[in-house]
Structure formats: structure tokens, C-alpha cells
Amino acid sequence: MRMRLVPEITNWDFFGRSKLWLGISALMMVVAFVSFLLQGLNYGIDFRGGTTIRTESPSAVDVGAYRDALQPLELGDITISEVFDPSFGDDRNVAMIRVQAQDDQEAVSADLIAQIEAALSEVAPDITFASVESVGPKVSGELIQTAVIAVLLAIGAVLIYIWLRFEWQFAVGAVLALVHDVLLTIGVFSELQIKFDLAIIAALLTIVGYSLNDTVVVFDRVRENLIKYKKRDLKEVLNISINETLSRTIMTSLTTMLALVAMFVLGGDVIRGFVFAMMWGILVGTYSSIFVASAILLWLGVKRDWTKPDATAGNQYADIDA
Amino acid sequence: MLQIDLWKRILIWGIVALGVFLALPNAFYTRVETHNDAVTAIERQGATPEREAVAAGWPSFLPSGLVNLGLDLRGGAHLLAEVQVEDVYAQRLEALWPEVRDALRPERDTVGTIRLQPSGPMELRIRISQPDGMARALEVVRGLAQPVVSLTGAGETDLAVSGDGDEIVVRLSEAERQATDERTVRQSLEIIRRRIDEVGTREPTIQRQGSDRILIQVPGIGSAAELKEIIGTTAQLTFQPVVGRGASANDSPGIGNEILPSLDEEGVFYELEQAPVVTGEELVDAQPSYDQNGRPAVSFRFNPAGARKFGDYTAENIGNPFAIVLDDEVISAPVIQSHIPGGSGIITGNFSVEESTNLAVLLRAGALPAGLEFLEERTIGPELGQDSIDAGKIATVVAFSAVLVFMFLSYGLFGIFANIALILNIALLFGLLSLIGATLTLPGIAGIVLTVGMAVDANVLVFERIREELRTAKGPARAIELGYEKALSAIVDANLTTIITATILFAMGSGPVRGFAITLGLGIITSVFTAIFVTRLMIVIWFGRTRPKTIEV
């Protein structure tokens, strides 16, 4: 007996309320964007420069004492937060201390770190420094730039690929879905103020890749069915295609989610934000390939008359799966 | 029908076997690692019975390539340094002054007396007392220019000489500056590498990044500060003529001279000629030793060119003091007692034994041509790395088992085929990673976990398609064939787009992010291979043996 996540044959109508779904998605994007503008992201030192120190001690973390110890050093903005993880025992207390980039100081001062460590050792003699990371303001500015370029490049490359492989309406649908996913992910990070660092950019790009993977599988079926059911209208063809690929969509999203949940729970606190971004991305990506990408395709319409020469006829991919 | 040529079968199994073979050392990580260390030690320092014994711990006919663990997993220090390439321009121009002086001296009748003017770091200004002779003076100075040695700057000379009133302005040409930058960064890279090698740590990464940056990652070192001590000092050694000795840094030095503090004696300053007689670049060896009073010192030897210059200078200046300068501090300023012809000497100062040993190492490795500015530094403790490895291992195993169970529940026998392929996929991935010597980082582990989740996608696409084809009742063999055929375009499209993003990540990212891009990209390649070829081969073999009338997927 097989486990079936969705019935063997489904005939659900995904586009009965397509305007409503598009509206909700648009609203969510606006909310995410406004949150990003108003609240901003909780940038890690990769993007705004500064120093983070991860401390570990057998005795409990006293955030107030740490703060008092660092006060005389006049370092400007200091954030001290305790890190909790189910895998830590009672004798393992972890805190993250973040110190802002010191003004007009390109290079990172070793003295400063030594001073901080000395000050903390005074209030908590058994403290150890599990990691110390400093990024100068010069590099962090460049890192932001590179990150934005990387995301834009990825989206651009994908736009071109789908355009070549399908038609421009598909490319627009897929890319809008991607923008939707990226925006919503940024929105969640801004809303929950989760630390946004370089690894999150990697996660964002993976989401781009994954969401696309999903969209492309649906589109591939749409292309096939457009030829198969020449007489049916586009809405019907889209519905058939999504229903046919639904079982696969759910299976793949679930296996990936399963793997990520394991990583989220057991992978340790260092990587949790990164895994969270990917889990959220898979959720949003699966949703968007149906309710955004396909809905936009429906809205834009597709050229159906295949007897006339069209844009895809001449290029190298035209008959790859004939 | 369902046929796969024999040669294809052999090729597929061959690739799988090769992947597993290459991945094998990773299953015995510590053992292979100590074996590799022992082998390197034997190569470098000769064989000892202990080293031979350790080396024999892993058979030499087996591959010994391992997946490197990134800093976030192993602990260590990471530095991003920017080479201050402008430093070199000033040095070049300083060294040019004696040459210009000697070239203009015979032309005194037309240009008059020549004088070095205070000049910025990017230029050399020389005043001539007869501005009418400017044309001739410029011609003579331009004659000193050399063709630029570089590919892009071919046909250009290294100096840009112009006249400004009664002053000659000498600058480095644009082409020369580029060529100099290139040389400076390469030289710095090489010297940093030598210094780190002298200390002897395992698998350091020393890479150039962008035009003037160097990334240094050393696993296993205590802290970034420690690493900076090894590579942070320029160790620029020069021997300069002493003009005078004073007690203040604010005395205005004569033109072409500079005031430098003494290293040991507080409040003592020397006025020195800026252009050195000999520099550390001309050293061939430096060793820690002791002076005649038994105090730690460093003995050195010059190459023939340096020895000649040193010999000539000492012969001409007996009785004059002479300064040994390290990184703009005067170590000592002995008086030249006699002509020193052999090109070897000894540096004395208030050294401890450790300091003299360190100085010898730095001098031997050579001076950094320019200063370094550190833009980024990270220290990751070994315990944190170990924690991450442990957590990553558990997470991977759990993720893996969950997916295996899930696939079996959903697709039965076909699920088992997919599961075998998934296990082989991981082996292939590790084989590939070991083969190219890739570095595994914490996000890289997440990449593997993600690959595990997504690797089944290709199989799921095929299996779902087979199910669909079975519904239209074409018979099992035809359904399997059609399933593979029709799912192919979706598999190719879906994975190609992910490859595109992985490539962009690899190109734009650095460190951990790059590690993630590598595992993601390679994971896609291996998973498509195992899904399209390995699973299919297993299904074909099974189908050929049993010839079932109906199949359930």
C-alpha cells in the first residue's frame, strides 16, 4: 500500500479566485516592503561592519554585568544577547556581543578586541571566546553591493533562460514569482528582526533557485498541455497542468522541508537563521509557482496559434523535447 | 524497449564505483588526515620510524584526498588584508633621486645646480637653477626611464617626467603603476605564504582577492591576532648612511634625509639619508646567532650584488656610523671599523632569543614590499567548529533517514531504488568534493542537506510521470520508458536554473557562501546523474529479471 499525499487524480480549481490570491500576494509584498523601509533589516557585521564576539561560560550569562563591564570602553552601540539552544547543557551559557564599527577605522583593531576580552574576563572569570569576528566598514559596504548584484544577476539570468526556453509571458510570470519570494523573505527578516548576514544572501539565492525549479516544472507541463489540448482555453489548461504536477510539487516540497526541519532543529544555533530562511522560501516558493507565476501567465495570456512562425521556432531549444 | 547498452552499463557502474572509491577516505577522516600529515612531514623533513609508522596507517594504494573542513568547522583564523600598494611608489621615487642627481651632474653647464625639493609621496620634485636648461634636463631625466615590463603596458616607459616652472616633476606612469601594483601584490602573496609555511601549519589558504587584497585562512591557529603577528610585520630591512643623531623627532631633516627613532633607546633619533645603501631584498640568508658578548643576534649574508655594494660602501666610509633600520626604526648604528668585503655581517641589538629567531625568520622569508591593512578578521574556536560538525552530522543523518523512509512509503520498490541512488549520490558528491579538494563549510553542510531533499526531485518527477503513463494503460515497460522520456525536459530545465544560481553564488560569494555554492552545484550534477542513469539502470535490470505484468509505482 502506498502513502498518497494527494489523491491520485485531482481536479481542483486553482484559478477560481486567482484575482483574490494575486491581490493577497500583492498586499503581502507591499507589507514586506513597507516593513523593510520602516524597520530595516537587522544587518549582521558582514553588512554594517563591527565586531561580534561569541562567549561561552559554565556560569549563567549576566547581560547587565557584561554591559557594565564594557561601558567604560566607550564603544558606542553594543548589543548583548543570550543564545539559547536545546542542545546546550546547564553548564553551557552562550552570549553574542556585537560592537558597532568604530568610526573612521578601516582596519580592525586588535587592541580593541583584547580590551573587550579583558573587561569581560573580569566579570566572568570562566568565560571563553568561541569566536571573534570583525569586519571593517570598507569591506561591509562592498559586501552589500556584491550581494545585491548577485541577487539581481541571478534573477536576470533566469529571466533570460526562461525567455529562451519558453516564451516571454512565462519568463515574466516566473520572475514576478521570484521577486515575490525574495521580497516576502526579506519582509519576514525585517518583521522578526532576525540577523541578516551573508549566509542569508546564499539562502535567498537558493530560494530563487528552488522557487524557479518549482515554477519551471509546472510551466513545462503547461507547454506540453498547450500542444495537447489545442481547443481548451488557457485557464483550463493551466488548471490541468497544475493538477497533474500537484503530486510531485507536494512530494518534493515535503522531502526538502523534512530535510530542512532536521537541520533547523538539530543543526545548532549558528546556522538556524540560514535554515529558517530556506524553509520559509520553500513555503513561499511552492505557493508562488501556482498562485503567482501561473496566475500571471493566465493574466498575460499565451500565444496559442502554433502554426504561425513564432519567437521560439528558430532557436536552439525549439525541438529539444519534441 | 527497455534496453541499455552494455558499454553504458559499464560506464555508469564505473563512475559510481570511482565516486565511492574517491569518497572512501572521508569515512576514516582522522586516520587519513594523520597519514597525510606524516607523508608531508617525511617529504619535508625526512623519514623517521614514527612517521613511517603513522604513514603506514592508511594503505598507499587507496586515495588519500579528503574534503577540507572550512574554518567554521575546524576553527582557526581568517584575515582579509589590503596591500597598501601606494607605499611602493614612494620607495621607487626615493630610490630614483641618486640616479637623477648623477645623470644631471654632467649637464651642470646648461641646467645649473640641482636641488631636491620637498615632494609629495607620489612625485619627485627637483629644482634647477637655470630654467632655460629645462628642455635639456627633461631630456636627460626621460633618458632614465625604462620600458614597462608587463603585458598590458607594452611600449610604455615607467616614468612620466614634466616641467613645472623651474622644477622637474618625476612621477610613475600609469602603466608602471599598474605593473608595480601587480608585482607588489604578487610579492606580498608569496612572502605571506613563505612566512606561514615557516611556521608550519596545516593547509593554509592564501588567496588573492580582487586587485589588491589577500585572503588568509589558517586552520588550527589560536587567534587572528596570533596570525597577524606572523604576517603583519613588513620586516623591511635597510642599511642607511647616518647624517646625525639627535633627541627630537621634530627636527627638520635635510632634503633627501629622514628622521627615524631608535628601537631600543627611548628619545634617541637619527637623521639618515633616505636612499638606502643596501636593502633586505639583497639578503640570501639570515640566522639567529650570538655576538661576541654572547647576546642574541642575527647573522646575515648578502647576495653578490648586495655584497659588492656593501663592500664598496664600507671601504669608502671607515669611521662613519651606519644605521641598520627595520620597519622605520633604527635597530643599531654601529661605526664602520673596517672594510667588510665578504658580504656577511651580524645585527646586534637588545634582542631576546625569541626575538632574534623571529627576526631571522622574517628576514629569510623576505620583506613585504608594502604595508598591510586588515579589513576583516575572524577567529573561530575549535570547540565551536566541533559543535557545528557534530550538529551537522546528526542533522544530516536524521534528514537522510527521514527522506529514505518517506520515499519508501510513497513509492515502494521504486522508492528503494531511489534510496539506493540517493546514498550513491552522497558518495559521489563526497568523491567529487575530495577530488577537487573543495572546502566543506557549515552552509556547505546545509547545501548537502538541501541536496538530499532536492535530489529525490528528479526521481519524483520520473515516478509521478510513470504513474500517469500507467493510467493510460500502455503496459509497464512502455510506461517506464515514456516516464523517463517525458520527465526529462522538466528535470533539465529545473536543474539548469538551479545551476545558474549556484554559479552566480560561486562567482560572487566568498568563504562559507562559496562553500555552499560548491556543494549545491555539485550536488545537482550528481543527483541528476544518479536519478537519470543509476535509478534507471536499476529499474531496467530489475524489470529484465522479473518481467512483471503489472507494476505499482
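Basis of the calculations
Residues numbered from 1 in each chain as written. Chains lettered and ligands numbered in written order. Predicted model: local features only at pLDDT ≥ 70, side-chain atom pairs only at ≥ 80, totals over all residues. UniProt positions renumbered as here; feature names shortened; annotations may be inferred. Helix = DSSP H or I, 4+ residues; strand = E, 2+ residues; numbered from the N terminus. Pairing = 2+ DSSP bridges. Axes fitted to C-alpha atoms, helices over the stretch in contact; angles between N-to-C directions. Contact = placed C-beta atoms within 7 Å. Parallel < 35°, antiparallel > 145°, perpendicular 65-115°, else oblique. Left-handed = near helix turned anticlockwise from the far one by under 90°. Nonpolar A, V, L, I, M, F, W, Y, C, P; charged D, E, K, R; others polar. Domains from an automatic or database assignment.

Under an unreviewed UniProt entry, the name given to chain B is Protein translocase subunit SecD, and the source organism is Thalassococcus profundi. As stated in UniProt under Subunit (unreviewed entry), the record for chain B gives "Forms a complex with SecF. Part of the essential Sec protein translocation apparatus which comprises SecA, SecYEG and auxiliary proteins SecDF-YajC and YidC." Chain B has a UniProt comment under Function (unreviewed entry) that states "Part of the Sec protein translocase complex. Interacts with the SecYEG preprotein conducting channel. SecDF uses the proton motive force (PMF) to complete protein translocation after the ATP-dependent function of SecA."

Per an unreviewed UniProt entry, chain A goes by the name Protein-export membrane protein SecF and belongs to Thalassococcus profundi. The heading Subunit (unreviewed entry) in the UniProt record of chain A holds the text "Forms a complex with SecD. Part of the essential Sec protein translocation apparatus which comprises SecA, SecYEG and auxiliary proteins SecDF-YajC and YidC." Under the UniProt heading Subcellular location (unreviewed entry), the entry covering chain A gives this text: "Cell membrane".

> In this structure, what is going on with the UniProt feature "domain: Protein export membrane protein SecD/SecF C-terminal" (unreviewed entry) in chain A? I would like to understand it.
Mapped onto this numbering, the UniProt entry gives "domain: Protein export membrane protein SecD/SecF C-terminal" (unreviewed entry) at residues 116–301 of chain A. Annotation note: span residues 116–301 of chain A, helix share 83%, strand share 5%, distance between end C-alpha atoms 62 Å.

> Honestly, the UniProt feature "transmembrane region" (unreviewed entry) in chain B in this entry has me stumped. Any pointers?
Residue and element names in this part refer to chain B. Per the UniProt entry, the sites bearing "transmembrane region" (unreviewed entry) are residues 12–29, 394–414, 421–439, 487–509 and 515–543 in this numbering. Between the end C-alpha atoms of residues 421–439 the distance is 24 Å, and the span holds 79% helix and 5% strand. Split by type, residues 487–509 is 96% helix and 0% strand. Its first and last C-alpha atoms lie 33 Å apart.

> Can you help me understand the sheet that holds strand S5 (residues 159–164) of chain B in this one?
Working definition: the strands of a sheet are paired by backbone hydrogen bonds and lie parallel or antiparallel to each other. Residue and element names in this part refer to chain B. Strand order in the open sheet made by the four strands is S3-S4-S6-S5, with antiparallel pairing throughout. Since the sheet does not close on itself, it has two edges, and those belong to strand S3 (114–117) and S5, each with one partner. For this sheet, the mean angle separating the axes of adjacent strands, direction not counted, is 25°. Pairing of strand S4 (residues 123–128) with strand S6 (residues 167–172) involves five bridges; the strand directions are antiparallel. Among the inter-strand pairings, Leu-124 is bridged to a residue of S6, identified as Val-170. Relative to the sheet, helix H7 (residues 134–142) contacts S4, S5 and S6, its axis offset from that of S5 by approximately 165°.

> Before we go on, may I ask you to explain the sheet that holds strand S8 (residues 213–219) of chain B in this structure?
An order of S3(A)-S4(A)-S2(A)-S5(A)-S18(B)-S2(B)-S8(B)-S7(B) is seen for the eight strands of this open sheet, with the pairing classed as antiparallel. A single partner strand is all that each edge strand has here, and the edge strands are strand S3 (78–83) of chain A together with strand S7 (205–209) of chain B. Averaged over all pairs of adjacent strands, the angle between their axes in this sheet comes to 15°, without regard to strand direction. Two strands pair when backbone bridges link them, and strand S2 (residues 76–83) of chain B and strand S18 (residues 372–380) of chain B are joined in this way by eight bridges, in the antiparallel orientation. Across the sheet, the residue bridging to Ala-81 of chain B is Phe-374 of chain B, located in S18 of chain B.

> Could you clarify how one ought to interpret the packing of helix H5 (residues 137–165) of chain A against helix H14 (residues 476–508) of chain B in this entry?
Two packed helices can be described by the angle between their axes and the distance between those axes. Running from N to C, H5 of chain A and H14 of chain B point in directions that differ by 155°, and their axes come no closer than 10 Å. The orientation of H5 of chain A with respect to H14 of chain B, classified from their angle, is roughly antiparallel. At the point where H5 of chain A passes H14 of chain B, the crossing takes the right-handed sense. Across the interface between the two elements, Thr-146, Ile-149, Ala-150, Leu-153, Ala-154, Ala-157, Val-158, Tyr-161 and Arg-165 of chain A from H5 of chain A touch Asp-493, Thr-497, Ile-500, Thr-501, Ile-504, Leu-505 and Met-508 of chain B from H14 of chain B. Per-class residue counts for the contact of H5 of chain A with H14 of chain B are eleven nonpolar, three polar and two charged.

> Just checking my understanding: could you explain the domain arrangement of chain B for this structure?
You'll often see interface size given as the accessible area lost when the parts meet. Under the domain assignment, chain B is made up of domain 1 (6–28 + 65–72 + 382–546), domain 2 (86–177) and domain 3 (237–351). For domain 1 of chain B versus domain 2 of chain B, the distance between C-alpha centres works out to 64 Å.

> Explanation requested: the UniProt feature "transmembrane region" (unreviewed entry) in chain A in the structure shown.
All names here are of chain A. The positions that UniProt labels "transmembrane region" (unreviewed entry) are, in the present scheme, residues 20–38, 143–164, 170–189, 196–213, 249–267 and 274–300. Overall, residues 20–38 shows 100% helix and 0% strand. The separation of its end C-alpha atoms is 27 Å. Helix makes up 89% of residues 196–213 and strand 6%. Its end C-alpha atoms lie 25 Å apart.

> Just to check I follow, could you spell out the interface of chain B and chain A for this structure?
On the chain A side, the residues contacting the 59 residues of chain B number 62 residues. Of all the elements in the fold, those that place two or more residues in the side of chain B that touches chain A are helix H9 (224–231), S18, helix H12 (382–435), helix H13 (442–471), H14 and helix H15 (511–546) of chain B. Tallied by class, the residues present in the side of chain B that touches chain A amount to 36 nonpolar, twelve polar and eleven charged. In this sheet, S18 of chain B lies alongside strand S5 (residues 128–135) of chain A in antiparallel orientation, the contact comprising five bridges. Along S18 of chain B, the bridge assignment pairs Ser-134 of chain A with Glu-377 of chain B.

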